[in-house]
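# Analysis of the macromolecular model
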Amino acid sequence: MQGSAPEIRTSSLAPLGFVSSASTDLSVVVFQLEYIENLWQDGFFGSAAQGSKMKPNLSRFRLDRYNVEPLKLSACEAYFLLRQGRLRIELLDTDVEGCCISEEQCLRMFSSWYSSRTLNFRVLFSAYEFLRRSGWIVKQASALACHFVLYEDNPDQCHSEYAVIVSNSVIPGK
């Protein structure tokens, strides 16, 4: 049928997240309800993107359930999921609609976001990945004066067990 939008099937494609290379928010936003539910249920990824200024043109997709609160993924969460093939990331501010960025492009972009900060993205991501692979649910926690908080179970149903501060420095004697 001419002019109809392609249908996204959640079973065959990884979720689609959107990012702006000009963003100062350091996050990737997912707008489709099926993907939001799957990412939360399969590891408690993301948080509500309340008041997100990012509004992608999703008219090329047939989205029956679009009017939901978007899911905001931290740079570490998004890169972790991208590396596992569980997320695709599309740049909003390009002329090529529907073109997803590669893992290398994503790493360069996220690293550039952190270049003016005291902490290197690769170091922060290494800590995030280690903690995730160790079985923790890891949430970004910059509002709590630390980088991450760790949960043993659903963050909506329990308190965090630990607060984590990541450093580029090597501790002498360790």
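Residues numbered from 1 in each chain as written. Predicted model: local features only at pLDDT ≥ 70, side-chain atom pairs only at ≥ 80, totals over all residues. Heavy atoms only, no water.

This part takes up the sheet that holds strand β8 (residues 162–164). The strand order across the open sheet built from 3 strands is β6-β7-β8, with neighbouring strands paired in antiparallel fashion. Each of the sheet's edge strands pairs with one partner strand only, and the pair in question is β6 (137–140) and β8. Strand-to-strand, the axes of this sheet are offset by a mean angle of 30°, without reference to chain direction. In this sheet, strand β7 (residues 148–151) lies alongside β6 in antiparallel orientation, the contact comprising 4 bridges. (Pairing = 2+ DSSP bridges. Helix = DSSP H or I, 4+ residues; strand = E, 2+ residues; numbered from the N terminus. Axes fitted to C-alpha atoms, helices over the stretch in contact; angles between N-to-C directions.)

Among all positions in helix α1 (residues 33–41), only Leu33, Tyr35, Ile36 and Leu39 are buried. Buried residues in α1, looked at end-on, bunch into an arc of 165°, giving them a common side. Along its buried surface, α1 packs onto β1 (16–19), β2 (27–30), β4 (71–74), α2 (75–83) and β5 (88–91). Positive backbone phi, at 130°, marks Gly43, one or two positions downstream of α1. (Buried < 20%, exposed > 50% of the residue type's maximum accessible area, 1.4 Å probe, protein only. Arc of directions from axis to C-beta. Contact = heavy atoms within 4.5 Å.)

So, on to the side chain of Arg132. Assignment of secondary structure puts Arg132 in helix α4 (residues 121–133). The side chain of Arg132 sits in the buried core without any salt bridge; Glu77 is the nearest counter-charge, 4.6 Å away. Within the structure, Arg132 has its side chain in polar contact with the backbone oxygen of Gly43 (distance 2.8 Å). What Arg132 contacts, discounting residues up to four positions off in sequence, is Gly43, Phe44, Phe45, Phe80, Ile137 and Val138. (Lys, Arg positive; Asp, Glu negative; His and termini not counted. Salt bridge = Lys/Arg side-chain N within 4 Å of Asp/Glu carboxyl O. Polar contact = N/O pair within 3.5 Å; in protein donor to acceptor, adjacent residues only side chain to side chain.)

Our next topic: the sheet that holds β5. A sheet is described by the order of its strands in space; here 5 strands give the open sequence β3-β4-β2-β1-β5, paired in mixed fashion. The open sheet has two edge strands, β3 (47–48) and β5, and neither has a second partner. The sheet contact formed by β2 and β4 spans 4 bridges and is antiparallel. Bridged to Val29 within β4 is Lys72. Against the sheet, α2 contacts β2, β4 and β5, and its axis sits at roughly 85° relative to β4.

Turning next to the environment of Arg133. Along the chain, Arg133 turns up in helix α4. On the basis of relative accessible area, Arg133 is assigned to the exposed category, the value being 56%. If sequence neighbours within four positions are ignored, Arg133 has contacts with Phe80 and Gln84.

It is worth spelling out the packing of aromatic side chains at this point. Geometrically, a pair of aromatic rings is defined through the distance of the ring centres and the angle of the planes. A complete count under the given rule lists 12 aromatic pairs for this structure. An angle of 75° between the planes, with centres 5.6 Å apart, marks the rings of Phe80 and Tyr128 as edge-to-face. Of the two residues, Phe80 is situated in helix α2 and Tyr128 in helix α4; the sequence distance between them amounts to 48 residues. When sorted by exposure, Phe80 lands in the same class as Tyr128, which is buried. Seen from their ring centres, Phe125 and Tyr128 are 6.4 Å apart, and the 25° between their planes marks the pair as stacked. Of the two residues, Phe125 and Tyr128 are both situated in helix α4; the distance of 3 residues between them amounts to about one turn of the helix. Across the pair, exposure class does not vary: Phe125 and Tyr128 are buried alike. Among the aromatic residues, those joined into a cluster by ring pairs are Phe45, Tyr79, Phe80, Phe110, Trp113, Phe121, Phe125, Tyr128 and Phe148. Sitting over the face of the ring of Phe45, Arg132 holds its NZ or CZ atom 3.9 Å from the ring centroid. (Phe/Tyr/Trp six-rings, centres within 6.5 Å; stacked < 30°, edge-to-face > 60°. Lys NZ or Arg CZ within 6 Å of the ring centre and 35° of its normal.)

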